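Close look at the chain arrangement
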Amino acid sequence: MFVRKPSFLFTAFIAVSVLLLGSSVRAVELDVNQMSRWADDYFGQAYQEHRFSGLVFQVVKDNEVVIQKTWGVADEKGAQIDPDHTRFLIGSMTKTFTATAIAKLYQDGLITSLDDPANKYLKRIKLEDYQGRPILVRHLLTHSAGYEQKNARLGTFDSQPELVPATEAEKMLPALVREPGELVSYSNFSTGALGFIVEDVSGQSTEDYLNEKILSPLGITSAGFENGLQQSDNVMRALKVKPEGTTPMKWLPFHPFAGPIGGMGITPNDIARYMQFQIAEGRNGSDNILSEETFKLLHGRSFSNHPFEGISGIGMKFWTNVWNGERRVEHGGSWPGHNSLMVLMPDSNLGFYVGIVGSGSPSLTPFEVNTQVSTALLGERRFEYQQTSANLSDYVGLYRNENRNISTLESILSFMGGDVAAVEQAGDGSLTIAGVSGYRSIAPDTFWKEGYVSNNPFMSELYGFSRDEQGNVIRMTPQIGLATFSKTTPLATPMVWMPIAKYAFFVMLTAVIALLWPGLNRRTRLVKYMSAAGGVLIISLPLLFLVGHGEGGLGYYHISGQSHRYALMAMAANIFLVLFFVQLYFGARIFKTDRWGQGWRSTFAAVHFVVLSLSGAALLPVLWQINLLGWNLV
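Only a predicted model underlies this, so the values are computations on that prediction, with no experimental measurement involved.

Examining the environment of Asn-288
Within the secondary structure layout, Asn-288 lies in the loop between helix H9 (268-280) and helix H10 (292-299). On the basis of relative accessible area, Asn-288 is assigned to the exposed category, the value being 69%. Once the C-alpha coordinates of Asn-288 and Gly-228 are considered, the two residues, 60 residues apart in sequence, prove to be 33 Å apart.

Topic: the pattern of salt bridges
Under the defined criterion, the tally for this structure stands at 25 salt bridges. Here Glu-212 and Lys-213 are joined by a salt bridge, their closest N and O atoms 3.8 Å apart. Look at Lys-213 and you get partly exposed, because its relative accessible area is 30%. What you see here is one network of salt bridges that share partners, running through Glu-281, Arg-283, Arg-327 and Asp-347.

Observations concerning the sheet that holds strand E16 (residues 436-443)
Strands sit in the order E13-E14-E15-E16-E17-E18-E19-E20 around a closed barrel of 8 strands; the barrel is antiparallel. Adjacent strand axes in the sheet meet at a mean angle of 35°, parallel and antiparallel pairs treated alike. In this structure, strand E13 (residues 397-401) lies alongside strand E14 (residues 420-425), joined through 4 bridges in antiparallel fashion. When the sheet's bridge partners are listed, Gly-397 is paired in E14 with Val-423.

Some thoughts on helix H3 (residues 94-107)
Taking 1.5 Å per residue, 14 residues should reach 20 Å; H3 reaches 20 Å between its end C-alpha atoms and fits that length. Most of H3 sits inside the fold, with 12 of its 14 residues counted as buried. Listing the buried residues of H3 in full gives Thr-94, Lys-95, Thr-96, Phe-97, Thr-98, Ala-99, Thr-100, Ala-101, Ile-102, Ala-103, Lys-104 and Leu-105. Gly-109, located one to two residues past H3, shows a positive phi value of around 85°.

Some details on a nonpolar patch on the surface
A contiguous nonpolar surface patch, about 620 Å² in accessible area, is contributed by Val-512, Ile-513, Leu-516, Val-536, Trp-600 and Phe-604. Tracing the backbone through its elements, the reader meets Trp-600 in helix H17 (residues 600-625).

Conventions and cut-offs
- Per-chain numbering applies: the sequence of each chain, read as written, is numbered from 1 onward.
- Thresholds applied to this predicted model are a pLDDT of at least 70 for local features of residues and 80 or more for the giving and counting of side-chain atom pairs; totals over whole chains, interfaces and linings are not thresholded and use all residues.
- Side-chain numbers here rest on the full set of heavy atoms in the structure, without hydrogens or water.
- Numbering goes from the N terminus for both helices and strands, where a helix is a DSSP run of H or I of at least four residues and a strand is a run of E of at least two.
- Burial classes follow relative accessibility: with a 1.4 Å probe on protein chains only, a residue under 20% of its type's maximum area counts as buried, one over 50% as exposed, and anything between as partly exposed.
- Definition used for salt bridges: Asp or Glu carboxyl oxygen within 4 Å of a side-chain nitrogen of Lys or Arg.
- A pair of strands is labelled paired if DSSP reports no fewer than 2 bridges between them.
- Between N-to-C directions, angles span 0 to 180 degrees; the directions come from axes that are lines fitted to C-alpha atoms, helices contributing only their stretch in contact.
- One fewer than the residue count of a helix, multiplied by 1.5 Å, yields its expected span.
- Each patch is built from salt-bridge-free residues with over 30% relative accessible area, joining like charges within 9 Å and nonpolar side chains (Val, Leu, Ile, Met, Phe, Trp, Tyr) within 5 Å.
- Reported accessibility uses the Shrake-Rupley method at a 1.4 Å probe radius. Residues are deemed covered only where the shown protein chains occlude them.

In structure tokens:
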């Protein structure tokens, strides 16, 4: 879909803002003692509220670690966190290491252009084109290849070879659902493909290449992918935290394909060395690994879903945005029980890292921490409200998250989660977005709610809207910029179908009563047994999906790529489809020949059959939307 270029008014607004900010921006003045006291108060309170089991917070300034603090314990035995020896799982922060490896290959001439087709460098797998247009290396680096989201099989409880064969990688391959380069939509697979490029071009594993070319020259010795079925002894143990005590969380091993995606473990002190390297951006001959020009590609804003500088854009896996005039380069990460966040401010030679381990009620999240720490360092985020010339009704409607699974049973997760945001016009000239009121215009097609803090990456204090060439609003992008929401119709969203599915499901609970229908002949007996069986099949679906997963629950089951439950669900749904049409056919024949019989039981049977048929008909579109009809396993 063609998206209109920013208007002259918007371009002028950005240009003037940059000039004004540029004339006043200066390096952040860090009061180390004050920031240290703030950290004690904020993280100390979170620890007292049982929001994590272990945490490290550190600040790097002018090539030194000026603050480094820990809270909690490293394991269930109460071991202390040692910043020089205790390794933290950093999740998707690992993507920045993989991107740095690609940058090194590019600088050394082994990748001749980021605009080359990725298949030029891939040997073990090949990526399909989209209507004749190839996926470029740059598309993989900017999450713009056009893939749907797919998280199944990133973990595994089965032994796997460290050098991933093509057959395993192909199991991870998501569907290509949009034109490459159209949108930024967060994709784990794209980084896995970059890991394959590193290996196929260098002839080494991604981990070995990183160690030889980047990490060892920086003095980093603890970094490595956690691909083993058993957790390494010096890696932080995640604990469930409750007022009455803690219990260990089950370890979910990474699939080797996910190593370059999110599988790195590393000590806080080595993270500090990595931060210093990234903050320096190759200036003043600070290192001979990457040049300043290469860092401009790594940290630059080469693509975004919205041009406003407060909304994150992306360079080479690094997200970039501006906070009160300060350029920030960042990435977070998450794995069950482990969360991380790294924010760099290269222009001020400043950065901070937070590693959060364990789960609480509620858990401390990187999204909350990002807002709170950034506010403590840079002040509350400020924008000037401006009267918009646009009609607020332009923005009103339903928007569905593009960062979702579309082709497999993983789509059930986003369908149940809603993945839809409603935008409404308030009477005071503001917008209400996803149930949060008070968003006001600060720039053309850009709205902000002062002081809003969210733990959800797809809900934020700042949203930007995009228009097509006719001027119609078609998309909405939150501040973090991981994905965008496309404007849609109610019938294309779970907001309409979920209530219908719930009511229809409760009606289907009564299907077993069909066994009490009178069975006057073979046809009526067939219909009543088929109606009861159809109800049992529908009732089995949520039970198979939600019940009896054991420790780790549905999340562990899904991420580890197990599929026997999904197979049973698909079988049940497809059998229901067949039964539904067969019973509908014979039921209609019964009505035509008036053979339900006489008396109240026969009347009840006829009415009940109609109600069950209507409920079944209402469920079929839902089963189709979540890919239960057909064979679309994860």
